[in-house]
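As a plain string of letters, each chain reads:
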Amino acid sequence: MRTSHALLLALLAGAAAHAQAATYTFDANDQGWTIFDGGTLTHVAAGGNTGGFLQVEDINDGDMLLVAPGAALGNWSSLLNGTFSFDAKNLNGIDSSWPGFGQVVITSGATSVSFDMVAANNPPADGLWHNYSVVLSTANFGAALPTVLANVTGFTFKVESHNGFGLNNSELNGIDNVAFTSAVPEPASAVLLGLGLATVAWRRRRTS
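Summary of the structure given here. For clarity, every value in this text was computed on a predicted model and none was experimentally measured.

## Quick look at the packing of aromatic side chains
Next, step 1: Inspection of every chain in the model, using the stated rule, returns 17 aromatic pairs.
Next, step 2: On the numbers, 6.0 Å between centres and 35° between planes, the contact of Phe84 with Phe86 is tilted.
Next, step 3: Taking relative accessible area as the criterion, Phe84 reaches 0% and is therefore assigned buried.
Next, step 4: Exposure remark for Phe86: the relative accessible area of 0% places this residue in the buried category.
Next, step 5: Each residue in the set Tyr24, Phe26, Trp33, Trp76, Phe84, Phe86, Phe101, Tyr132, Phe155, Phe157 and Phe180 is aromatic and connected to the rest through ring pairs, giving one cluster.

## A word on the sheet that holds strand E8 (residues 111-116)
Next, step 1: A sheet is described by the order of its strands in space; here five strands give the open sequence E2-E5-E10-E7-E8, paired in antiparallel fashion. Both outer strands of the open sheet, strand E2 (34-36) and E8, are each paired with one neighbouring strand and no more. Put simply, the sheet's adjacent strands are angled 25° from each other on average, direction ignored.
Next, step 2: Inspection of the sheet shows E2 paired to strand E5 (residues 65-67) by three bridges, in the antiparallel sense. Bridging across to E5, Ile35 finds its partner in Leu66.

## Let's talk about the side chain of Lys89
Next, step 1: Within the secondary structure layout, Lys89 lies in strand E6 (residues 83-90).
Next, step 2: Put simply, Lys89 is tucked away with no salt bridge, and the nearest opposite charge, on Asp126, sits 8.3 Å away.
Next, step 3: For Lys89, the residues in contact, after removing those within four places along its chain, are Pro123, Gly127, Leu128, Trp129, Leu172, Asn173 and Gly174.

## Let's talk about the pattern of salt bridges
Next, step 1: Here the structure, examined in full by the defined rule, presents one salt bridge.
Next, step 2: The salt bridge partner of Asp63 is Lys158, with a shortest N-O separation of 2.9 Å. Of this pair, Asp63 sits in the loop between strand E4 (53-58) and E5 while Lys158 sits in strand E10 (residues 154-158), placing them 95 residues apart in sequence. The pair formed by Asp63 and Lys158 is uniform in burial state, with each residue classed as buried.

## Structural notes on the environment of Gly48
Next, step 1: Within the fold, Gly48 resides in the loop between strand E3 (39-44) and E4.
Next, step 2: Residues Gly48 and Ile175, spaced 127 residues apart in sequence, show a C-alpha to C-alpha distance of 8.0 Å.
Next, step 3: Setting aside residues no more than four positions away along its own chain, Gly48 makes contact with Phe53, Trp129 and Asp176.

## Considering the environment of Ala46
Next, step 1: One can find Ala46 in the loop between E3 and E4.
Next, step 2: Ala46 gets classed as exposed once you look at its relative accessible area, which sits at 53%.
Next, step 3: Here the alpha-carbon distance between Ala46 and Asp27, two residues 19 residues apart in the chain, equals 7.6 Å.
Next, step 4: Not counting residues up to four positions away in its chain, the partners in contact with Ala46 are Gly51, Gly52 and Phe53.

About the cut-offs
- Residues numbered from 1 in each chain as written.
- Predicted model: local features only at pLDDT ≥ 70, side-chain atom pairs only at ≥ 80, totals over all residues.
- Heavy atoms only, no water.
- Phe/Tyr/Trp six-rings, centres within 6.5 Å; stacked < 30°, edge-to-face > 60°.
- Buried < 20%, exposed > 50% of the residue type's maximum accessible area, 1.4 Å probe, protein only.
- Pairing = 2+ DSSP bridges.
- Helix = DSSP H or I, 4+ residues; strand = E, 2+ residues; numbered from the N terminus.
- Axes fitted to C-alpha atoms, helices over the stretch in contact; angles between N-to-C directions.
- Lys, Arg positive; Asp, Glu negative; His and termini not counted.
- Salt bridge = Lys/Arg side-chain N within 4 Å of Asp/Glu carboxyl O.
- Contact = heavy atoms within 4.5 Å.

Shape descriptors only; they carry no functional weight alone.
Right under this line is the structure:
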């Protein structure tokens, strides 16, 4: 059964390797992410969750959007039913009062799908990092999601969390660990699938 055992280990290792489609930890730089419409973005080398992070500050009445790097766009079909997640921290204690924080927009040409993945009043003014995640499913984003994911031309999520801007009335938020995770089989399913394939290979070896 040596061959089947090796096949099973290879299968499970392969599944684990493909589970995380992309992760941006911002430890060294902004990794190509930019900000649009109403904010400034600064890379901070330490103090994230963990390592470096992105600091976003409101400067006018536009909604701050973090924009994914162009190099990351394209065919995202493997992310269908996977997850998008990020960590956020309220850095200056201004109460979050803008419900749009965490609204995700995925674009393919003239077609866009969106979902507000974060509840109102987030991130809380408690000085802690908080993780937010959403399943990239048609239940959340609508029936057009598979078509959009097949050719993503733009991805943004909103980091505006306060209704107001200017001196002493402007949110300052930290963003870290932006991650896109592909949908993979449940562990038990992966093991059963691996055992099935391993058994087939073993039987072929016995009969050859």
